[in-house]
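# Results of the structural survey
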Amino acid sequence: MSPGRTRILRAVIAAIRPRGHGFDQPIEADVLASIERFFPHLPWPLRFGLPLGLWLVELGPPLFARRWCRFTSMSPEAAGAYLARFQHAGGLRAALLMGLRTLVFLSFYQHPDVLASLDVDWAGRADVLVRRRAEIVGGHAG
C-alpha cells in the first residue's frame, strides 16, 4: 500500500478497534500488517474500490461532517463518531464502513494477545477434539 493509504488505514484502525475491557493491547501495527497482507487476496473490485474508499474517508469530513480537516487529523473519538455516521448514512458509505470494520475486527480478534486475553486456545481445543475423536473411534473399532 502507498504511504498515504497506510496513514489513512492506521487512523481507521485507531477509530474502529475495540478499547477497554482487556482490549488495550498496543497491537495497531500488527493489525495494520495483517490487513496489508490480506489485501492482495481480496476480489479485484475490492482491491480497486477499497483504496478509493479510504480516500473518501480521508477527504470526506468537510462534506459529511462539516469539519474543515482531514480524517487522519481527527482524534480517535471524533474519527469513530465520523465513521459511525457513515454506517447510518446507508448506501455505499455504509458498505465501505462494514468492509473496513470487518477487516479491522478480523485482524484484531485473531491477534495472539487478544486471543490470550479472551482465553481462546485454538490449538489446544483442536488437540482435545482430536483426542476425543480418537477415543470415540477407538471405542467403536474393538
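Okay, so let's go over this structure. (Residues numbered from 1 in each chain as written. Predicted model: local features only at pLDDT ≥ 70, side-chain atom pairs only at ≥ 80, totals over all residues. Heavy atoms only, no water.)

## Some words on the nonpolar core
Note the threshold: To qualify as a nonpolar core, a set must consist of buried Ala, Val, Leu, Ile, Met, Phe, Trp, Tyr and Cys residues joined through side-chain atoms within 4.5 Å. A 1.4 Å probe rolled over the protein chains alone gives each residue an accessible area, and that area as a share of the maximum for its type sets the label: buried under 20%, exposed over 50%, partly exposed in between. The helix count covers DSSP runs of H or I at least four residues long, the strand count covers runs of E at least two residues long, and both are numbered beginning at the N terminus. Contact definition: two residues touch when any of their heavy atoms are within 4.5 Å.
Judged by nonpolar contacts, the single largest core of 32 residues is most densely connected at Leu-9, Val-12, Val-57, Phe-71, Tyr-82, Leu-83 and Leu-100. Elements with a contribution of two residues or more to this core: α1 (3-16), α2 (28-38), α3 (44-59), α5 (76-89) and α6 (91-109). Here this core gets seven residues from one element, more than from any other, and that element is α1. In this structure, Tyr-82 is in contact with Leu-56, Val-57, Gly-60, Pro-61, Phe-64, Ala-65, Phe-71 and Met-74, ignoring residues within four places of it in sequence.

## Remarks on the packing of aromatic side chains
The test is simple: What counts as a ring pair is set by centres within 6.5 Å for rings of Phe, Tyr and Trp (its six-membered ring), and what kind of pair is set by the plane angle: stacked under 30 degrees, edge-to-face over 60, tilted for all other angles.
The full count for this structure, using the stated rule, is five aromatic pairs. Between the aromatic rings of Phe-64 and Phe-86, the centroid separation amounts to 5.5 Å while the plane-to-plane angle is 80 degrees, which identifies the pairing as edge-to-face. Linking Phe-64 in helix α4 (residues 61-65) with Phe-86 in helix α5, this pair joins segments that are 22 residues apart in sequence. Geometrically, the ring pair formed by Tyr-82 and Phe-86 is edge-to-face, given 5.1 Å between the ring centres and 65 degrees between the ring planes.

## Examining the pattern of salt bridges
Selection criterion: A side-chain nitrogen of Lys or Arg and a carboxyl oxygen of Asp or Glu constitute a salt bridge if their distance falls within 4 Å.
Scanning all chains against the criterion turns up three salt bridges. Its salt-bridge partner being Arg-17, residue Glu-28 comes within 2.8 Å of it at the nearest N-O pair. Taken as a pair, Glu-28 in helix α2 and Arg-17 in the loop between α1 and α2 lie far apart in primary sequence, 11 residues in all. Residue Glu-28 is classed as partly exposed on the basis of its relative accessible area of 24%. Between Arg-70 and Glu-58 there is a salt bridge, with its nearest N and O atoms 3.6 Å apart. Taken together, the positions of Arg-70 in the loop between α4 and α5 and Glu-58 in helix α3 put the pair 12 residues apart, joining distant regions of the chain. Overall, the relative accessible area of 42% leaves Arg-70 in the partly exposed class.

## Remarks on the environment of Met-1
Take Met-1: it is sitting in the segment before α1. Overall, the relative accessible area of 37% leaves Met-1 in the partly exposed class. Excluding its chain neighbours within four sequence positions, the residues that come into contact with Met-1 are Thr-6, Leu-9, Glu-36 and Phe-39.

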